[in-house]
2 protein chains.
Amino acid sequence: MNVLEKIVNSVNSFSKSERKVADVILANPQTTIHSSIAALAKMADVSEPTVNRFCRRLDTKGFPDFKLHLAQSLANGTPYVNRHVEEEDGPEAYTAKIFESTMAALDTARQRVDINTINRAVDVLTQAKKISFFGLGASASVAHDAQNKFFRFNVPVVCFDDIVMQRMSAINSAEGDVVVCISHTGRTKNLCDIAAIARENDATVIGVTAYDSPLAKECTLVLSLDVPEDTDMYMPMASRVAQLVLIDILATGFTLRRGSKFRENLKKVKDSLRGSRFDKKDFNN
Amino acid sequence: MNVLEKIVNSVNSFSKSERKVADVILANPQTTIHSSIAALAKMADVSEPTVNRFCRRLDTKGFPDFKLHLAQSLANGTPYVNRHVEEEDGPEAYTAKIFESTMAALDTARQRVDINTINRAVDVLTQAKKISFFGLGASASVAHDAQNKFFRFNVPVVCFDDIVMQRMSAINSAEGDVVVCISHTGRTKNLCDIAAIARENDATVIGVTAYDSPLAKECTLVLSLDVPEDTDMYMPMASRVAQLVLIDILATGFTLRRGSKFRENLKKVKDSLRGSRFDKKDFNN
DNA sequence: ACGCAATCTGTAATTTAATTACAAGATATC
DNA sequence: GATATCTTGTAATTAAATTACAGATTGCGT
């Protein structure tokens, strides 16, 4: 509970002078956080220790600490919460909700992701002879994205969103190859098969999927994001964003692991794009 | 701009000692707001006046005022700041940084996106005879994702990442068709051409791209996200996540606009997926 | 209604924290 | 290599907050 609410709630348990302080603070919270205890005492027409006691009553260490708490209550920021879009929401409302839900999802993903597994995944990827990204449906675009990223590293990368191609690719995999299977639910049958086949052929299989899912059971390494989203009911949104960020992290880990001289490669790829683009400065002609 | 961002942004203009202070604060922002100037100075291994000067440089009145501002920045629980990954970062550090940068990017995107334009874009999309999503490179996967989403709405949707196909598709477009061109920089020549061609053929062209870019000039409607990211130098990460969220928003707006009876369609699509998946409960057999 | 106890409240002293002034050191510039 | 500019730290000063204590107020039982 934030301090402002707390003040309102406990307004009854205040003494006369404390209430004066509360009134002044509630009336000018912004002014309060930039005032000294003396100024506030004067505004409320009480003594300084009274203000101090008021602060303590609200479970803060003293006046400065109270101001800190108050400042946080006043911070414009909306707490990032998962809010479902409602039927009657206007553009403003659903835009805000989707942004916030996505940010909330990333926040939980960040807290739950296992750094060790990431590190091991990066290990495996840097040593891979060939990397394959497989996904179906919404996860297919994540796989594409991953290909786009890792492709720049001058490593053999493939990406299929076609189960037949995936199957062929999986069958042809060998030791040293890495197969990354992407699925939010981890319950897509075809992808489980692919993972199993790849493993039978000695490939290392990294699953970007839910813990404890059928797909996870087929994988060598499971990167679970644990984003709360029921993709059986709703369209995959936040979950897929979290997957993308995970791919970004793996790609970043990859470049860092490979050392600085390798990063010249990246520059080369970038430079090659220049020809296909308008110049940054003078595109107004 | 919040203080944390400010610190990150002006890290170059800091002196050696000020930088030490910045590092300590960025590493433990929560601790900082509960520390005295003496404690912080000790942590950063600098003198107290240095800390004070640091605060002043950030346009605050002094240390207590700085703490107030910092508290407000942290009010949302997590400091969402754009922090660049450094050479010597370990898995823990770069994972945190990428998550945070992405969230920070979404936060700015949310603030800068124009709701009116979103609303108009949704308008246009709901009335479209056919919707095409075009993107190249990293934006291609965003286009794919968009297709995957809009496809569920039982609207004719196409998506090409091949310039020849894009071109053909653009030439064949007609009034009532909507073409969505996705490009972070808006300086990809080929995509500008596509947009121009589509417009010449009376299609409505929505650009998911930078304001004032060459591509924007070719579009009927520009959805600008304004995520600070130099994709000429680095890989597109946060920018692309923001694009995806924008697509989510458009898709959501679309379903809301179409009314409730239309949403039964979505359920049908979902149900059709069930056969391809293991059941939610008993996948352990 | 009176007196005792408990609770408030304010004054003044104390402590703590933050800021300023100044000087020494480092760095850049010519 | 000398001078000027910018950094940084030490010590002194000032400002702010807290504590200790005493006076005032309120509530309660007789």
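These figures come from a predicted structure and were not determined experimentally.

Describing the confidence of the model for chain A
- For chain A, the mean per-residue pLDDT works out to 81, and 84% of the residues sit at or above 70.
- Across residues 281-285 of chain A the pLDDT falls below 50, and counting only partners more than four positions away or on other chains, this stretch makes six contacts in the model.

Overview of the protein's contact with DNA strand D
- As a matter of local geometry, DNA strand D sits amid 17 residues, with Ile37, Asn52 and Arg56 of chain A together with Ser15 and Ser17 of chain B nearest to it.
- Restricting attention to atoms of DNA strand D within 4 Å of the protein, one finds that 78% of them are sugar or phosphate atoms.
- Note that a phosphate oxygen of DNA strand D is positioned 2.6 Å from one of the backbone N or O atoms of Ile37 of chain A.
- For DNA strand D, a phosphate oxygen lies 2.9 Å from a polar atom in the backbone of Ser17 of chain B.
- Elements supplying a minimum of two residues to the surface near DNA strand D: helix H5 (48-57) and helix H6 (63-74) of chain A together with helix H2 (16-27) and helix H5 (48-57) of chain B.

Focus: helix H13 (residues 238-258) of chain B
- Compared with the 30 Å implied by 1.5 Å per residue over 21 residues, the 30 Å span of H13 of chain B between its first and last C-alpha is a close match.
- Among the 21 residues in H13 of chain B, 19 count as buried, and that is most of the element.

Looking at a nonpolar patch on the surface
- Among the surface-exposed residues, Ile163, Val164, Met165 and Met168 of chain A lie close enough to one another that they form a single nonpolar patch of about 320 Å² accessible area.
- Among the structural elements, Met168 of chain A can be located in helix H10 (residues 163-171).

Comments concerning the sheet that holds strand E4 (residues 204-209) of chain B
Residues and elements named next belong to chain B.
- Pairing is parallel across the open sheet formed by five strands, whose spatial order is E2-E1-E3-E4-E5. Pairing within the sheet leaves two strands with one partner each, and these edge strands are strand E2 (157-160) and strand E5 (221-223). Averaged over neighbouring strand pairs, the angle between their axes works out to 20 degrees when direction is ignored.
- As paired strands, strand E1 (residues 130-135) and strand E3 (residues 177-183) are joined by six bridges and run parallel to one another. From the neighbouring strand, Phe134 faces E3, where its bridge partner is Cys181.

Remarks on the sheet that holds strand E4 (residues 204-208) of chain A
Residue and element names in this part refer to chain A.
- The parallel open sheet is built from five strands, whose spatial order is E2-E1-E3-E4-E5. Only two strands of the sheet have a single neighbouring strand rather than two, namely strand E2 (157-160) and strand E5 (221-223). Looking at each pair of strands side by side, their axes are set apart by 20 degrees on average, direction ignored.
- Bridge count between E4 and E5: three bridges; the pairing is parallel. When the bridges of E5 are listed, Ile206 appears paired with Leu221.
- In the packing of helix H8 (residues 115-126) onto the sheet, contacts are made with strand E1 (130-135), strand E3 (177-182), E4 and E5, and the angle to E5 comes to roughly 125 degrees.

Concerning the protein's contact with DNA strand C
- The environment of DNA strand C is formed by 18 residues, the closest being Ser15 and Ser17 of chain A together with Ile37, Asn52 and Arg56 of chain B.
- If you look at DNA strand C and keep only atoms within 4 Å of the protein, 76% of those are sugar or phosphate atoms.
- Within the side chain of Ser15 of chain A, a nitrogen or oxygen atom sits 2.3 Å from a phosphate oxygen of DNA strand C.
- Elements with a contribution of two residues or more to the surface near DNA strand C: helix H2 (16-27) and H5 of chain A together with H5 and helix H6 (63-73) of chain B.
- Tallying contributions element by element places H5 of chain B first for the surface near DNA strand C, with four residues.
- A class-by-class count of the residues in the surface near DNA strand C yields six nonpolar, seven polar and five charged.

Some details on the environment of Val227 of chain A
Residues and elements named next belong to chain A.
- Of note, Val227 is situated in the loop between E5 and helix H13 (238-258).
- Judged by relative accessible area, Val227 falls into the buried class, the value being 7%.
- Spatially, the C-alpha atom of Val227 lies 9.8 Å from that of Thr102, the residues being 125 residues apart in sequence.
- When sequence neighbours within four positions are dropped, the list of residues in contact with Val227 reads Ala105, Ala109, His184, Ala238, Ser239 and Ala242.

Rules used in this analysis
Residues numbered from 1 in each chain as written. Chains lettered and ligands numbered in written order. Predicted model: local features only at pLDDT ≥ 70, side-chain atom pairs only at ≥ 80, totals over all residues. Heavy atoms only, no water. pLDDT = per-residue confidence, 0-100. Contact = heavy atoms within 4.5 Å. Near = heavy atom within 4 Å. Polar contact = N/O pair within 3.5 Å; in protein donor to acceptor, adjacent residues only side chain to side chain. Helix = DSSP H or I, 4+ residues; strand = E, 2+ residues; numbered from the N terminus. Expected span 1.5 Å × (residues − 1). Buried < 20%, exposed > 50% of the residue type's maximum accessible area, 1.4 Å probe, protein only. Patch = residues over 30% accessible without salt bridge, like charges linked within 9 Å, V, L, I, M, F, W, Y side chains within 5 Å. Areas by Shrake-Rupley, 256 points an atom, 1.4 Å probe, with all protein chains shown as cover. Salt bridge = Lys/Arg side-chain N within 4 Å of Asp/Glu carboxyl O. Pairing = 2+ DSSP bridges. Axes fitted to C-alpha atoms, helices over the stretch in contact; angles between N-to-C directions. Nonpolar A, V, L, I, M, F, W, Y, C, P; charged D, E, K, R; others polar.

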